[in-house]
Amino acid sequence: MTSQPERHSQPARRAVLGTALGGAAAAALPGTAHAEEPMSSPGAVGRPWKLRDAMTTDGAWARFLHDQDLRWTRLPTLWYEGPFLGDGQLGSMIYQEPGANQIRFTVQHGRVQDHRPEFGSGWGTCRLPVGHLTLEPAGTITAVDWRLSLWNAELTGTVTTTVGTLTLAALIHDEVLAVRVKATGGERAIWTFHPEEAISPRKISESPPTGYTANPAWTTRTTSDGTEQVLQPLTGGGQTATAHRRTGDDLLLSVGHSHPSGTAAEADSLRNLRRAKSYSTLRSRHTDWWHAFYRKSFVSFPDQRLQSFHWIQLYKVASASRAGGPVMATSGPWLEPTPWPAVWWNLNVQLEYWLIHGFNHPELDSLATTLRQNQEQLIANVPDAYRADSSGIGRSSDMFANRGVGRPGTGAETGDLTWALHNVWLSYRHSMDKSLLRDTIYPVLRRAINYYLHFLTPGSDGKLHLPSTLSPEYPVVPPQDTNYDLALIRWGCQTLLDSAQLLGIEDELTPRWQEVLARLTPYPVDANGFMIGADTPYAQSHRHYSHLLMVYPLYLVNWDQPENRDLITKSLVHWHALTGAHRGYSYTGAASMYAMSGDGDTAITYLRKFFDPTTRYPCRANTHYTEAGPVIETPLSASQSLHDMFCQSWGGVIRVFPAVPSAWADLTLHNFRTEGAFLVSAVRKAGTTRFIRVKSLAGEPLKLRHGLTGHLTAVLDDGTPARTHDLGDGTLAIDLPRGHEVLVHTGSRPDLSIAPVAVSEPGPAWGLP
C-alpha cells in the first residue's frame, strides 16, 4: 500500500494554472492540460458543461436491462439452471421438483443457522435449510416461457400444460416471497410447503460429529386469519418460523429466525406478512427500490453475453447482501446441499464483495458491518493467552464470525481476518468514511496484526521471521515465512501507520510497526517466481492465489515498479502452468493480474476460460457456479475482473480504461466509484478515449492516468480551468474540490453523451433460452 498523495501547495497550484491556460508553455508540453478555448463572449474563461445522460428515464433503463435479462424456454431441472430471487436475507431458486411434474420454489434465509459452536462451523453453527414450495399443476408441463427481469427484479412468464396455462409472477422484498399465479383453461394452482430437516447440508459429504443430536421435529399451526406456520425449534436455542398465506391468486411467505428467543421468530414471520398485504402492494415498494438502485452507476460494452453477465452479477449481489444483514455464506441466501454451509474467510468472502465498489453500491457491504458488530467474538477467537491485545478468525464461521484461529508455529491458517479487513479498507477508500476507519478498521486491524507480532522472531540474518503457517489451500506447509502471511503483515503494518496519521492517533505501537516493515524477511522467491514460503516452492497445481496476494489484490508488488515486472510475470506464468487444481476463480484472478499489467487481451483470454463450457468448472446456465457444492464468489469475482479492465484506482492513481481488450472499441462508464471517493464517467469510441469526467465526493487528491494523447483540456463544472500538474507517465494531478467535477479531453469539446454502446459480439441470453 502506498501513502496518500500530497496536495499541491498553493504556490504550486498557481504555477501550474499558468500552464493550464495554454500558450507557448503548454504548446511545448504535449499532454499538459490547458484551458479550453472561449466559446462565448470575449474574455470568457470557458463555459459550463454537462454530461448528456441518456439513462435518466425509467424507459431507457427498462429497455437496456431488458436486453440483459435471463430467459427460459425449457424447464430448468437444477438449481444452477433456474431463476433466483432474493433481498439480501430471504432467497429462492426456481426449478423442476426432482422426479415430479411440479415446480420448486426453494425457501432459504441467510440468518437461519444452528447455534451449537461445540460442533464447529460445518455442523454446529452452519446455515440450516428451511424448506421449499411446490407449484403443482393439474396437467403435465409441456413448456415454459420465463423471463427474469433485472429492472424489476421479478420473474414473470407462463407454464403451459396439457390442460391449460399458468401465468406467474414472483419477487422477494422485505423478507417476503410473493408469487401470483393465474390459471386458465383447465388448469389450477395448487401450492404445498415442504419443511426440510434442520440438519447441516454438509451431510452430503460426511456423517455428523460424535455427540451431535438432531434438532427437534417441526410443528405446524394455523392462525385465525388462515396463515399457516411451520415452527422449527433448535436444540442450541432459538427458533425458525415460516409463515405462508394464500389469498386468491397470491401466495405470500416469510421466514423469521431468532436466537436465543424461542418465540420471536414466530411473531416476526407473521408481522412480515401483515406488512406485505398483497402482491401488488409489495411489488410497488419492491420496484421503487430496484429502480433507484440501478441508477447509481452504468456500464456498457460491446460483448452481449459478458455485458448481460455483468449486470446479472449486480442483481445477484444485491439479492444476496445488504449492509447490516448476514454476511454472505458460500452459497449466499440460496442454500442447497453442500460441504460448505458457512462463511469461508480464506478467499470466498473477500471475492464476493469486490464488485460493489466500482458499481457504486456501498449499501451492499454486509462484510464491513459484520466485522464491526462482532468485535468481541473476534477477540474470543484467539487463544486465551492473546485475548488482551489480539483478534482473529478461523477458516470458516457462522454469520457472527464464531470460529477459533490457530497459532503460528503449528501450520495453522492465521491471516484470514487481516485479508477480510483489506475488503473493509477498500470500503473506506471508496467512501472516505472516517467512522469506518476509526470504529472498525483501526481497532480490529490493530488486534489482528498484534496476533502476528506475538510470533515474529529475529533470525541469524537479523530479519524477522514467522513460524509455520498455512497458505490457504496449498497442501504443503512451509517451515516458516509463508508468503500469504508476509504480504498481509506488510499491508497491515503500513495501513495502521497510515490510519493512525489520518485519525490523529499517537499509537504506542507505531515504532513496532515501523520496525516490522524495516526488518520483515523478504518474500521467498525462486527461479519460477513467488514461492509458497521458505523452502517451499510452488510445485503442484494450486487453485488459490494465496501465494500471490502481494500482487493482487494488495498491489504491494505491482506493475508500476519496473523492477518487479519480470517477477510478476514469471509467477503468473508458473502458477497457470500447473493446471490440475485450477477452478473458476483461478481464471478470474489471473485476468485481474494481467489487467494490472495493462494487458487487456491476455486478461480477457483468461476470463473467457471461466465461460468456456469445456472448462472443468465453468460458469453455469444462470451465472451461478458449483464445485462440490454451490459457491457464489467466483462469478462475482469475474465482474471485478471486468472492472479491473475498465478502471483501476490502486496506489493513489485512477487509471481509466487501463486494460480494455482490443476487440472492444466502444465502452461507456458512468459514476464508476474509485478509491478516494471519486465518481468516474468516461467514453471510449473507435478504440479512443473521448472524455473523462471525475466528480469528487470527499475532496481527496486526484491523480488521473487518462490514456489521452495530445494537448489536454481540464475544465471544472463552473467553466473555469482546473489547476493541474503533469506527473509524467500519462498521469495528471488535478485540484478538484469536494462536490465538484472536472472534464478532461483533447481537441475540441467532444460529444458528452452517456449511452449504451452497440453490440459487436452478439450472444444468447443467460438461462435456458
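For clarity, every value in this text was computed on a predicted model and none was experimentally measured.

Parameters and conventions
- Residues numbered from 1 in each chain as written.
- Predicted model: local features only at pLDDT ≥ 70, side-chain atom pairs only at ≥ 80, totals over all residues.
- Heavy atoms only, no water.
- Helix = DSSP H or I, 4+ residues; strand = E, 2+ residues; numbered from the N terminus.
- Rg over C-alpha atoms; globule rule 2.2 N^0.38 Å.
- Buried < 20%, exposed > 50% of the residue type's maximum accessible area, 1.4 Å probe, protein only.
- Contact = heavy atoms within 4.5 Å.
- Areas by Shrake-Rupley, 256 points an atom, 1.4 Å probe, with all protein chains shown as cover.
- Lys, Arg positive; Asp, Glu negative; His and termini not counted.
- Charge placed at Lys NZ, Arg CZ, Asp CG, Glu CD.
- Salt bridge = Lys/Arg side-chain N within 4 Å of Asp/Glu carboxyl O.
- Core = buried A, V, L, I, M, F, W, Y, C linked by side-chain atoms within 4.5 Å.
- Pairing = 2+ DSSP bridges.
- Axes fitted to C-alpha atoms, helices over the stretch in contact; angles between N-to-C directions.
- pLDDT = per-residue confidence, 0-100.
- Expected span 1.5 Å × (residues − 1).
- Polar contact = N/O pair within 3.5 Å; in protein donor to acceptor, adjacent residues only side chain to side chain.

Draft legend 1. Structural detail: the overall build of the chain. Counting its secondary structure elements, the chain contains 19 helices and 35 strands. The C-alpha radius of gyration computed for the chain amounts to 27 Å, which stays within 12% of the reference 27 Å derived for 769 residues, consistent with globular compactness. Principal-axis analysis of the C-alpha atoms places the extent of the chain at approximately 85 × 70 × 45 Å. The 769 residues of the chain split such that 62% are buried. Within the chain, contacts between residues separated by at least 24 positions form 67% of all contacts whose residues are at least 6 apart in sequence. Summed over its atoms, the accessible surface of the chain is roughly 26500 Å², and 51% of this surface lies on carbon and sulfur atoms. Averaging the coordinates of the 67 positive side-chain charges in the chain and doing the same for the 72 negative ones gives two points 3 Å apart.

Draft legend 2. Up close: the pattern of salt bridges. A full pass over the atoms with the stated rule returns 33 salt bridges. With its nearest N and O atoms 2.4 Å apart, the salt bridge here joins Arg543 to Glu473. Separated by 70 residues along the polypeptide, Arg543 in the loop between β23 (529-530) and α16 (565-577) and Glu473 in the loop between β21 (464-465) and α14 (483-503) bring together distant segments of the chain. Taking the shortest distance from any N to any O, the salt bridge between Arg583 and Glu627 comes out at 3.9 Å. You can see Arg583 sitting in the loop between α16 and α17 (584-596) and its partner Glu627 sitting in the loop between α18 (600-611) and α19 (633-646), a full 44 residues away along the chain.

Draft legend 3. Representation of the nonpolar core. Within the largest apolar cluster, 213 residues are counted, with the highest numbers of intra-cluster contacts made by Tyr294, Trp311 and Val742. Looking at this core, the element that brings in the most residues is helix α13 (residues 434-453), giving 11 residues. Apart from the residues within four sequence positions on either side, Val742 is in contact with Trp49, Ile692, Arg693, Val694, Leu702, Ala714, Val715, Leu716, Ala722, Ile734 and Leu736. Judged by nonpolar contacts, the second largest core, of 11 residues, contains Leu171, Val176, Leu252 and Leu282.

Draft legend 4. Structural view of the sheet that holds strand β12 (residues 190-195). Strand order in the open sheet formed by 5 strands is β4-β5-β6-β7-β12, with antiparallel pairing between adjacent strands. A strand with exactly one partner marks an edge of an open sheet, and here the two such strands are β4 (84-86) and β12. Across the sheet, the mean angle separating the axes of adjacent strands is 20° when strand polarity is ignored. In this sheet, strand β7 (residues 131-136) lies alongside strand β6 (residues 103-109) in antiparallel orientation, the contact comprising 5 bridges. Pairing of Val107 across the sheet is with Gly131, part of β7.

Draft legend 5. Structural detail: the confidence of the model for the chain. Within the chain, residue pLDDT values average 94, and 94% of them lie at 70 or more. Predicted confidence for residues 1-45 stays below pLDDT 50, and this span has 80 contacts to residues more than four positions away or in other chains.

Draft legend 6. Representation of unusual backbone geometry. Residues His259 and Pro260 are joined by a peptide bond in cis, for which omega reads 10°. On the secondary structure map, Pro260 appears in the loop between β16 (250-258) and α5 (264-276). Of note, the bond from Tyr552 into Pro553 is cis; its omega dihedral lies within 30 degrees of zero at 10°. Along the chain, Pro553 turns up in the loop between β23 and α16. If you check the backbone angles, Asn360 has positive phi at about 70° while not being a glycine. Note on placement: Asn360 falls in the loop between α9 (355-358) and α10 (366-373). Judged by relative accessible area, which is 4%, Asn360 ranks as buried. The phi angle at Asp481 is positive, at roughly 55°, despite the residue not being glycine. Looking at where Asp481 falls in the secondary structure, it is placed in the loop between β21 and α14.

Draft legend 7. Representation of the environment of Thr160 in the model. Tracing the backbone shows Thr160 in strand β9 (residues 154-161). A relative accessible area of 29% places Thr160 in the partly exposed class. Placed 20 residues apart in sequence, Thr160 and Thr140 show a C-alpha to C-alpha distance of 8.4 Å.

Draft legend 8. Spotlight on α17. Relative to the 18 Å expected for 13 residues at 1.5 Å per residue, α17 spans 19 Å between its end C-alpha atoms, a close match to the ideal helical length. Here α17 lies mainly inside the structure; 13 of its 13 residues are buried. Where α17 terminates, the next one or two residues include Gly598, which has phi positive at roughly 85°.

Draft legend 9. Layout of the pairing of strand β29 (residues 702-705). A one-sided burial pattern is seen for β29, the buried positions being Leu702 and Leu704 and the unburied ones Lys703 and Arg705. The sheet contact formed by β29 and strand β32 (residues 731-735) spans 4 bridges and is antiparallel. By the bridge assignment, Lys703 is partnered in β32 with Ala733.

Draft legend 10. Region of interest: the sheet that holds strand β15 (residues 239-247). In space, the 10 strands of this open sheet follow the order β13-β14-β15-β16-β11-β10-β9-β8-β3-β35, with mixed pairing throughout. Only two strands of the sheet have a single neighbouring strand rather than two, namely β13 (219-222) and β35 (767-768). As paired elements, strand β3 (residues 70-72) and β35 share 2 bridges and run parallel to each other. For Arg71, the partnering residue across the bridge sits in β35 and is Gly767. With respect to the sheet, α5 is in contact with β11 (176-185), β13, β14 (228-233), β15 and β16, its orientation differing from that of β16 by roughly 150°.

Draft legend 11. Representation of the side chain of Ser546 in the model. Positionally, Ser546 belongs in the loop between β23 and α16. Reaching out from Ser546, the side chain makes a polar contact with the backbone oxygen of Pro472 at a distance of 3.2 Å. In terms of polar contacts, Ser546 uses its side chain to reach the side chain of His542, at 3.2 Å. The residues contacting Ser546, other than those within four sequence positions of it, are Ser471, Pro472 and Tyr484.

Draft legend 12. Structural detail: the pairing of β16. Along β16, 9 of the 9 residues are buried, which leaves the element largely enclosed by surrounding structure. Covered by surrounding structure in β16 are Asp250, Leu252, Ser254, Gly256 and Ser258 together with Leu251, Leu253, Val255 and His257, the residues of both alternating faces. The pairing of β15 with β16 spans 9 bridges and is classified as antiparallel. What sits directly across from Thr247, in β16, is Asp250. The antiparallel pairing of β15 with β16 creates a hairpin that spans 2 residues between the two strands, and Gly248 there sits at a positive phi of about 60°.

Draft legend 13. Region of the structure containing the side chain of Thr469. With respect to the helices and strands, the residue Thr469 is situated in the loop between β21 and α14. A relative accessible area of 0% means that Thr469 is categorised as buried. Of the polar contacts made by the side chain of Thr469, one reaches the side chain of Asp485; its length is 2.6 Å. Setting aside residues up to four positions removed in sequence, Thr469 forms contacts with Pro408, Gly411, Ala412, Thr414, Val477, Pro478, Thr482 and Asp485.

Draft legend 14. Focus on helix α12 (residues 416-431). End to end, α12 covers 23 Å across 16 residues, agreeing with the expected 22 Å (1.5 Å per residue, within 8%). Most of α12 is tucked away, with 15 of its 16 residues classed as buried. Phi turns positive one or two residues past the end of α12, at Met432, with a value near 55°.

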